[in-house]
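# Notes for the structure review
Spelled out from the first residue to the last, the chains are:
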Amino acid sequence: MQISPSILSADFANLERELDRIGNADWAHVDVMDAHFVPNLTLGLPVVEALQKVSPIPLDCHLMIEDPDRWAPSYAEAGAGSVTFHVEAAQDPVRLARALRSAGARAAMALKPGTPFAPYEDLLPELDMVLVMTVEPGFGGQSFMADQMPKVTQVREAVRRHGGEVWIQVDGGVSASTIEQCAEAGADVFVAGSAVYGADDAAAAVDRLRELARSHTH
Ligand SMILES: O=C(CO)[C@@H](O)[C@H](O)COP(=O)(O)O
Ligand SMILES: [Co+2]
């Protein structure tokens, strides 16, 4: 059970300090948006390179960008521990996942709420994580989509069948009131932006979320 707070809800003027607030988390989730794949613009490679130098924990880069085949490997080369591309935007997901792994990162594939998993099941051996989005990508602070839980379970069952060690991440609207159903459905990596950075004590929020997830796993 791993917690990956999203710095999208952090104070962008003080990112080093904001990373230190979540030093007890497993990952720092970095939402890269290009104003094309999603209708929002956040940060890119130079900022990730700077964060990489000061972060006490590994970076989990979630790339909501067009042409990830071209841009994603640079995030792995910058030292990100995990790099997630959206399958809707990838030209050649197998080749891209291999490039990410050979650059030393964990390779992850994200699915928007409207994207089914079944057509991509065969990619599992190339992947270290599948991200099931529980909001439409683009913004923090949106409502959790419980209707994505059957997809989480479907991915969990496929991972069992394939026998590899593929993590399942959920991202969007994850909080103390929604994390339990995610864990029950089969998720094991939880992104939380507003639920962590909106708390006075971000580290305590991380611990609480991890504990809730742990107590609802099978
Ligand atoms: O990728 C995204 C949004 O597109 C997320 O990582 C959000 O930043 C999560 O924020 P909350 O929904 O937890 O506030
Ligand atoms: Co994200």
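Criteria and thresholds
- Residues numbered from 1 in each chain as written.
- Chains lettered and ligands numbered in written order.
- Predicted model: local features only at pLDDT ≥ 70, side-chain atom pairs only at ≥ 80, totals over all residues.
- UniProt positions renumbered as here; feature names shortened; annotations may be inferred.
- Buried ≥ 20, exposed ≤ 12 C-beta atoms within 10 Å, placed from the backbone.
- Helix = DSSP H or I, 4+ residues; strand = E, 2+ residues; numbered from the N terminus.
- Pairing = 2+ DSSP bridges.
- Contact = placed C-beta atoms within 7 Å.
- Axes fitted to C-alpha atoms, helices over the stretch in contact; angles between N-to-C directions.
- Near = placed C-beta within 6 Å.
- Nonpolar A, V, L, I, M, F, W, Y, C, P; charged D, E, K, R; others polar.
- Arc of directions from axis to C-beta.

Going by the annotation in an unreviewed UniProt entry, the name recorded for the chain is Ribulose-phosphate 3-epimerase, with Luteipulveratus flavus given as the source organism. Its UniProt record gives the chain a comment under Pathway (unreviewed entry), which states: "Carbohydrate degradation." Per UniProt, the comment on the chain under Catalytic activity (unreviewed entry) is "D-ribulose 5-phosphate = D-xylulose 5-phosphate".

### With respect to the pairing of strand β8 (residues 189–192)
Burial along β8 is two-sided: the face carrying V189 and V191 and the face carrying F190 and A192 are both buried. Relative to β8, strand β1 (residues 2–5) runs parallel, the two sharing four bridges. Each bridged residue has a counterpart across the sheet, and for Q2 the counterpart in β8 is V189. One ladder, built from three bridges, connects strand β7 (residues 167–171) with β8; its direction is parallel. Across the sheet, the residue bridging to V170 is F190, located in β8.

### Some remarks on the environment of L8
Here L8 is to be found in the loop between β1 and α1 (15–20). When the C-alpha positions of L8 and G141 are compared, they lie 9.6 Å apart, and in sequence the two are 133 residues distant. Apart from residues lying up to four places away in sequence, L8 is in contact with D31, T42, G140 and G193.

### Focus on the sheet that holds β8
Spatial ordering of the open sheet is given by β1-β8-β7-β6-β5-β4-β3-β2, a layout of eight strands whose pairing is parallel. Strands at the two margins of the open sheet, each flanked by one partner only, are β1 and β2 (28–33). The average angle at which neighbouring strand axes cross in this sheet is 25°, direction not considered. On top of the sheet, helix α3 (residues 68–77) reaches β3 (59–64) and β4 (82–86); it is set at about 170° to β4, its chief contact. Most of the contacts of helix α4 (residues 93–102) go to strand β5 (residues 106–111), to which it runs at about 145°, and overall it touches β4 and β5.

### Examining the site of ligand 1
Neighbouring ligand 1 are 22 residues, the closest being L8, P137, G140, G193 and S194. Contributions of two or more residues to the shell around ligand 1 are made by β2, β8 and α7 (194–197). For the shell around ligand 1, the per-class residue count stands at eight nonpolar, twelve polar and two charged.

### Remarks on the environment of V130
With respect to the helices and strands, V130 occurs in strand β6 (residues 129–133). A residue is classified by how many C-beta atoms lie within 10 Å of it, and V130, with 28 of them, is buried. With 19 residues separating them along the chain, V130 and L111 place their C-alpha atoms 7.8 Å apart. Residues contacting V130, with those up to four places away along its chain left out, are A108, M109, V155, V166 and I168.

### Some thoughts on α4
Considered for burial, the residues of α4 that qualify are P93, L96, A97 and L100. With its buried residues spanning 100° around the axis, α4 presents them on a single face. For α4, exposure combined with an orientation more than 90 degrees from the buried face picks out R95 and S102. Taken together, the buried residues of α4 touch α3, β4 and β5. Phi for G104, located one or two positions after α4, is positive at around 95°.

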